[in-house]
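If you want the building blocks of each chain, they are given just below.
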Amino acid sequence: MELGRIERPTIGRFIDVEFFRIIRFLPMEMLGERIDGLIYTGAKDAATDMEVDSIDEIVTFFREKGVGRLTILSTDPLEARLDECATCSGLPSVGRPLCHFEGGLLAGFLESVLGDNIDLKEVKCWGLGDKTCLFEEI
């Protein structure tokens with residue numbers, strides 16, 4: 001499926017974050033937390049189909065698409081911070097990380113750029129009471 005093809009000449013490419021969250025959390029409301037892995041894997045698979053050639057392009061993608069402000073803190077070991085995350089910024093603490101989509105997307109992009117199998121775990125999140133997201137390689 002060609003996800004990048006968008007024909008919305010009047011209202012443009014972007015939707016409101018609140019509406020994105022409705023779409024993002026609806027499957028969780030229906031299926032529970034078991035959907036988290038599917039969201040992560042789906043985003044990771046989608047990212048490997050997109051063309052990014054460098055870490056700088058990943059950072060730019062996240063900013064331009066409104067996913068959040070990404071900072072790669074380290075590549076060995078891999079550690080990345082995501083501020084103003086579309087999924088979680090401003091949400092209350094719910095006792096668990098929420099950003100499986102962003103983590104999967106980032107893992108897929110990094111896998112493409114670095115050429116290694118990469119999986120990430122979210123260790124900080126608004127859902128855990130933090131004010132930023134932090135992903136670490138597992």
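Presented here is a report on the structure given in the accompanying data block.

Criteria and cut-off values
Residues numbered from 1 in each chain as written. Predicted model: local features only at pLDDT ≥ 70, side-chain atom pairs only at ≥ 80, totals over all residues. Heavy atoms only, no water. Helix = DSSP H or I, 4+ residues; strand = E, 2+ residues; numbered from the N terminus. Polar contact = N/O pair within 3.5 Å; in protein donor to acceptor, adjacent residues only side chain to side chain. Contact = heavy atoms within 4.5 Å. Buried < 20%, exposed > 50% of the residue type's maximum accessible area, 1.4 Å probe, protein only. Pairing = 2+ DSSP bridges. Salt bridge = Lys/Arg side-chain N within 4 Å of Asp/Glu carboxyl O. Phe/Tyr/Trp six-rings, centres within 6.5 Å; stacked < 30°, edge-to-face > 60°. Patch = residues over 30% accessible without salt bridge, like charges linked within 9 Å, V, L, I, M, F, W, Y side chains within 5 Å. Areas by Shrake-Rupley, 256 points an atom, 1.4 Å probe, with all protein chains shown as cover. Lys, Arg positive; Asp, Glu negative; His and termini not counted. Charge placed at Lys NZ, Arg CZ, Asp CG, Glu CD.

### Thoughts on the side chain of Asp36
Here is step 1 of the chain: Looking at the element boundaries, Asp36 is found in helix H2 (residues 35–49).
Here is step 2 of the chain: Engagement of the side chain of Asp36 in a polar contact is seen with the side chain of Arg96, the distance being 2.8 Å.
Here is step 3 of the chain: What Asp36 contacts, discounting residues up to four positions off in sequence, is Met28, Arg96 and His100.

### Description of unusual backbone geometry
Here is step 1 of the chain: In this model, Asp76 is joined to Pro77 through a cis peptide bond whose omega is 0 degrees.
Here is step 2 of the chain: Residue position: Pro77 is located in the loop between strand S1 (69–75) and strand S2 (78–83).

### Quick look at the environment of Phe61
Here is step 1 of the chain: With respect to the helices and strands, Phe61 occurs in helix H3 (residues 55–64).
Here is step 2 of the chain: For Phe61, a relative accessible area of 18% puts it in the buried group.
Here is step 3 of the chain: With near-sequence residues (within four places) excluded, Phe61 lies in contact with Met50, Leu105 and Phe109.

### Quick look at the pairing of S2
Here is step 1 of the chain: Two elements, S1 and S2, share 6 bridges in a ladder whose sense is antiparallel. Bridging from a neighbouring strand, Leu70 pairs with Leu82 of S2.
Here is step 2 of the chain: The hairpin turn running from S1 into S2, its antiparallel successor, is 2 residues long.
Here is step 3 of the chain: Here S2 pairs with strand S4 (residues 133–137) via 4 bridges, running antiparallel. Paired with Arg81 across the bridge in S4 is Leu134.

### Here we look at the pattern of salt bridges
Here is step 1 of the chain: Under the defined criterion, the tally for this structure stands at 5 salt bridges.
Here is step 2 of the chain: Residue Arg96 pairs with Asp36 through a salt bridge whose shortest N-O separation is 2.8 Å. Placement of Arg96 in the loop between S2 and helix H4 (100–114) and of Asp36 in helix H2 is noted, with a sequence separation of 60 residues between them.
Here is step 3 of the chain: Residue Arg81 is joined to Asp83 by a salt bridge in which the shortest nitrogen-to-oxygen separation is 2.8 Å.
Here is step 4 of the chain: Residue Arg81 is classed as partly exposed on the basis of its relative accessible area of 29%.
Here is step 5 of the chain: The network of salt bridges with shared partners includes Lys44, Glu111 and Asp119.

### Topic: the packing of aromatic side chains
Here is step 1 of the chain: This structure, assessed with the given rule, holds 4 aromatic pairs.
Here is step 2 of the chain: For the ring pair Phe61 and Phe109, a centre distance of 4.9 Å and an interplane angle of 70 degrees mean the geometry is edge-to-face. In this pair, Phe61 sits in helix H3 while Phe109 sits in helix H4, placing the two residues 48 residues apart along the sequence.
Here is step 3 of the chain: By relative accessible area, which is 0% here, Phe109 ends up buried.

### A look at a negative patch on the surface
Here is step 1 of the chain: Residues Glu51, Asp53, Asp56 and Glu57 make up a contiguous surface patch of negative charge.
Here is step 2 of the chain: Mapped onto the elements of the fold, Glu51 is located in the loop between H2 and H3.

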